[in-house]
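# An overview of the molecular structure
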Amino acid sequence: MQDVFDINYLRLFLGYALMLIPIGILWYYKTGLVKDTIIATLRMTVQLLLVGLYLEYIFKLNNAWLNIAWLIIMATLATSTIIRRTGLKYKYFLAPILISTLISILIIDAYFLGIVIKLDNVFDARYLIPITGMLLGNTIRNVIISLNAFYNRIDDEQNLYRWYLANGATRKEALLPFMRDALKKAFNPVIANTAIMGLISLPGMMTGQILGGSNPNVAVKYQIMLMITIFSSGILNVLLSIRFSNRFAFDHYGNLRKEIFRMK
Amino acid sequence: MIQIQNLFITFGNEHIYEDFSLNIKKGEKIAISGESGKGKSTFLNLLTGFISDFEGDVFVDGLELNPKNIYNIRKKYAWLPQETALNMQSVKDLFFTPFNFSLNKEKRPEQKQIDDIFTAFSLDESILDKKVKEISGGQKQRVLLASCVLQKKAILLLDEPSSALDKRIKKRVTDHILGLKNTTIIAVTHDEYWMKCSDKVISLDKDN
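Right, let's walk through the structure included here. Predicted, not measured: the structure shown is a model, and the values here were computed from it.

## A short note on the overall build of chain B
- Scanning chain B from terminus to terminus reveals seven helices and nine strands.
- Its C-alpha atoms give chain B a radius of gyration of 17 Å, near enough to 17 Å, the size a compact globule of 208 residues would have.
- Summarising its shape, the C-alpha atoms of chain B cover approximately 50 × 35 × 30 Å along the three principal directions.
- Considering chain B as a whole, with its 208 residues, one finds that 37% of them fall into the buried category.

## Brief notes about the overall build of chain A
- What chain A contains, in helices and strands, is ten helices and zero strands.
- Moving toward the C terminus, one meets the helices and strands of chain A in the order α-α-α-α-α-α-α-α-α-α.
- Considering only C-alpha atoms, chain A reaches an extent of 70 × 55 × 35 Å along its principal axes.
- Residue burial in chain A is summarised as follows: out of 264 residues, 28% are buried.
- Intrachain contacts of chain A at a sequence separation of at least 6 include 70% that bridge at least 24 residues.

## Comments concerning the sheet that holds strand β6 (residues 77–80) of chain B
Residues and elements named next belong to chain B.
- Within the open sheet, the five strands sit side by side as β6-β7-β8-β3-β9. Their pairing is parallel. The open sheet has two free edges, formed respectively by β6 and β9 (200–203), since each of these has just one partner strand. Within the sheet, the average angular offset between the axes of one strand and its neighbour, ignoring direction, is 15°.
- Judged from the four bridges that link them, strand β3 (residues 29–33) and strand β8 (residues 184–188) form a sheet pairing that is parallel. Within the sheet, the bridge partner assigned to Ile-32 lies in β8 and is Val-188.

## Focus: unusual backbone geometry
Residue and element names in this part refer to chain B.
- Its identity as a non-glycine residue notwithstanding, Asp-61 has a phi of 50°, on the positive side.
- Relative to the helices and strands, Asp-61 resides in the loop between β4 (55–60) and β5 (63–64).
- In this structure Asp-61 comes out as partly exposed when scored by C-beta crowding, with 16 C-beta atoms within 10 Å.

## Some remarks on the packing of helix α9 (residues 204–211) of chain A against helix α10 (residues 216–249) of chain A
Residues and elements named next belong to chain A.
- Two elements in contact, α9 and α10, have axes separated by 9 Å at closest approach and are oriented at 160°. On the basis of the axis angle, α9 is roughly antiparallel to α10. Helix-helix and strand crossings are classified by hand; for α9 and α10 the assignment is right-handed. Contacts between α9 and α10 involve Met-205, Met-206, Gln-209 and Ile-210 from the first element and Pro-216, Ala-219, Val-220, Tyr-222, Gln-223 and Leu-226 from the second.
- A class-by-class count of the residues in the contact of α9 with α10 yields eight nonpolar, two polar and no charged.

## Some points on the environment of Val-149 of chain B
All names here are of chain B.
- Turning to its location among the elements, Val-149 is positioned in helix α5 (residues 137–150).
- The sequence separation of Val-149 and Trp-79 amounts to 70 residues, and the corresponding C-alpha distance is 9.7 Å.
- With residues up to four places along the chain from it excluded, the contact list for Val-149 reads Ile-117, Ile-177 and Leu-180.

## Considerations on the interface of chain B and chain A
- Every contact between the two is made by 23 residues of chain B and, on the other side, 17 residues of chain A.
- Elements supplying a minimum of two residues to the side of chain B that touches chain A: α2 (70–74) and β6 of chain B.

## A short note on the packing of helix α6 (residues 125–156) of chain A against helix α8 (residues 171–196) of chain A
Residues and elements named next belong to chain A.
- With their axes 8 Å apart at the nearest point, α6 and α8 run at an angle of 150° to one another. Judged by the inter-axis angle, α6 sits roughly antiparallel to α8. Here α6 runs over α8; the crossing is right-handed. Contacts from Asn-142, Ile-145, Ser-146, Ala-149, Phe-150, Arg-153 and Ile-154 of α6 reach α8 at Phe-178, Met-179, Asp-181, Ala-182, Leu-183, Lys-185, Ala-186, Phe-187 and Val-190.

## Remarks on the environment of Ile-30 of chain B
Residue and element names in this part refer to chain B.
- One can find Ile-30 in strand β3.
- Sequence separation between Ile-30 and Lys-130 is 100 residues; the distance between their C-alpha atoms is 34 Å.
- With residues near it in sequence (within four places) discarded, Ile-30 still touches Ile-24, Ile-185, Ile-186, Ser-198, Asp-199, Lys-200 and Ile-202.

## A closer look at the pairing of β6 of chain B
Residues and elements named next belong to chain B.
- Of the two faces of β6, the one lined by Tyr-77 and Trp-79 and the one lined by Ala-78 and Leu-80 are each fully buried.
- Sheet topology places β6 next to strand β7 (residues 155–159); four bridges connect them, and they run parallel. Each residue of the ladder has a partner; that of Tyr-77, found in β7, is Ile-155.

## Notes on the nonpolar core
- Core analysis: the biggest nonpolar cluster contains 94 residues, and Phe-150 of chain A together with Leu-145, Ala-146, Leu-157 and Ala-187 of chain B have the highest contact counts within it.
- The dominant element in this core, judged by the number of residues it contributes, is α6 of chain A, at 14 residues.
- Not counting residues within four places of it along the chain, the set of residues in contact with Leu-145 of chain B comprises Leu-80, Phe-121, Pro-161, Val-173 and Ile-177 of chain B.

## Some words on the pairing of β4 of chain B
Residues and elements named next belong to chain B.
- By the bridge criterion, five bridges tie strand β1 (residues 2–11) to β4 in an arrangement that is antiparallel. Note that in β4 the partner of Ile-2 across the bridge is Val-60.
- Pairing between β4 and β5: two bridges, direction antiparallel. Residue Val-60 lies in a different strand from β5, and its bridge partner there is Leu-63.
- Between β4 and β5, which pair antiparallel in sequence order, lie two residues; one of them, Asp-61, sits at a positive phi of approximately 50°.

## Overview of the sheet that holds β4 of chain B
- As summarised here, the arrangement of the four strands in space is β2-β1-β4-β5 (chain B), forming an open sheet in which the pairing is antiparallel. Two strands bound the open sheet, and with one partner strand each, they are β2 (14–24) and β5 of chain B.

Definitions and cut-offs
Residues numbered from 1 in each chain as written. Chains lettered and ligands numbered in written order. Predicted model: local features only at pLDDT ≥ 70, side-chain atom pairs only at ≥ 80, totals over all residues. Helix = DSSP H or I, 4+ residues; strand = E, 2+ residues; numbered from the N terminus. Rg over C-alpha atoms; globule rule 2.2 N^0.38 Å. Buried ≥ 20, exposed ≤ 12 C-beta atoms within 10 Å, placed from the backbone. Contact = placed C-beta atoms within 7 Å. Pairing = 2+ DSSP bridges. Axes fitted to C-alpha atoms, helices over the stretch in contact; angles between N-to-C directions. Parallel < 35°, antiparallel > 145°, perpendicular 65-115°, else oblique. Left-handed = near helix turned anticlockwise from the far one by under 90°. Nonpolar A, V, L, I, M, F, W, Y, C, P; charged D, E, K, R; others polar. Core = buried A, V, L, I, M, F, W, Y, C linked by C-beta atoms within 7 Å.

This is the structure we're talking about:
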């Protein structure tokens, strides 16, 4: 197998020069996003470098409790990002979304690592951490889109929701069209992305594995499994997040609480 | 059928209802009138449980209005909203959606019932094949009213039921709805003919 070319710091710096394109375009159209883009890029760099350092240690130690603790930290950060990006309040959504995220990754990780790959130790850092990271990274977008679609649409179309309730719908029946809409909005892009995988886009993980020296066949098999686990954990997380947060987002009469929104 | 005692509703600093009491008998036809902001729609929103912050006792068919009873209370209603621009694609959905709920499934109307009510409301049945955006406000209002009537509920709550209807159709629709025996009807309305045909008119312009 051919050795992997390392990217030295000078070349890494050259790579960063590509960021001048988005920054230039965002600046030209006065989007107000230049500062955010620079901060996001710096954050990404620092975070990945730190994670690189951290993962080196965590892989060496490979302690189950430490790995689980890291997983909980990742889930908490993912939850925090979700809530911040949805415009909903932490007070009502932190607990239900964190619990949903943990349950969904627990189920999918256990199935994938324990049953599909059949690891002797499902807490093995080399598998548990990157795979959970992939699941969380992809789930965040699904949950943000679906929570926004669900709660904002009920708020915008309060009249429709009330019409259902006051004409005999149970709460579950009244929420069903909004749930359907949220799932469609969140998963239509996932389905489209899944359908073109390999033809138009080569996924990051597979590319990474191939660049890292893995056999392309092994990389493809992992990628297929990852696509399926990402889809499953995403939809599970969306469903649980909406179902669990319903308990806090509606009053005892089934009315959506206005105070769940940060901005409205 | 409906008893309201010592009702207080306040929005901010504004007292919408202050010590308001009302008894509505079974089968009674009530018209609620008044200027904007006097709490007409609030009254319907209270009965449907869409206002959870109130003081006083409200009973609907013997059930106290509270979170525990709200579903059983809502079972008794068919509700026509003032804003009929519900986000639905087809007129068929607008008409049949309430009959998809488990509570109303058995009441899904047969063809004869649809024919009769559409005739009474001057609606052509081909309207069911149209898109909602293709029909007028008055047609939407009549389709929703027809759907409410066919649910055969004990209580109809109607928010401006004739506001988009022309004079001739207004009379036909009003006569049909207010002629429903044993159905309690509470309508928020500015329509003089509707008020004239109702058993009681409650004006909210006076102090509650």
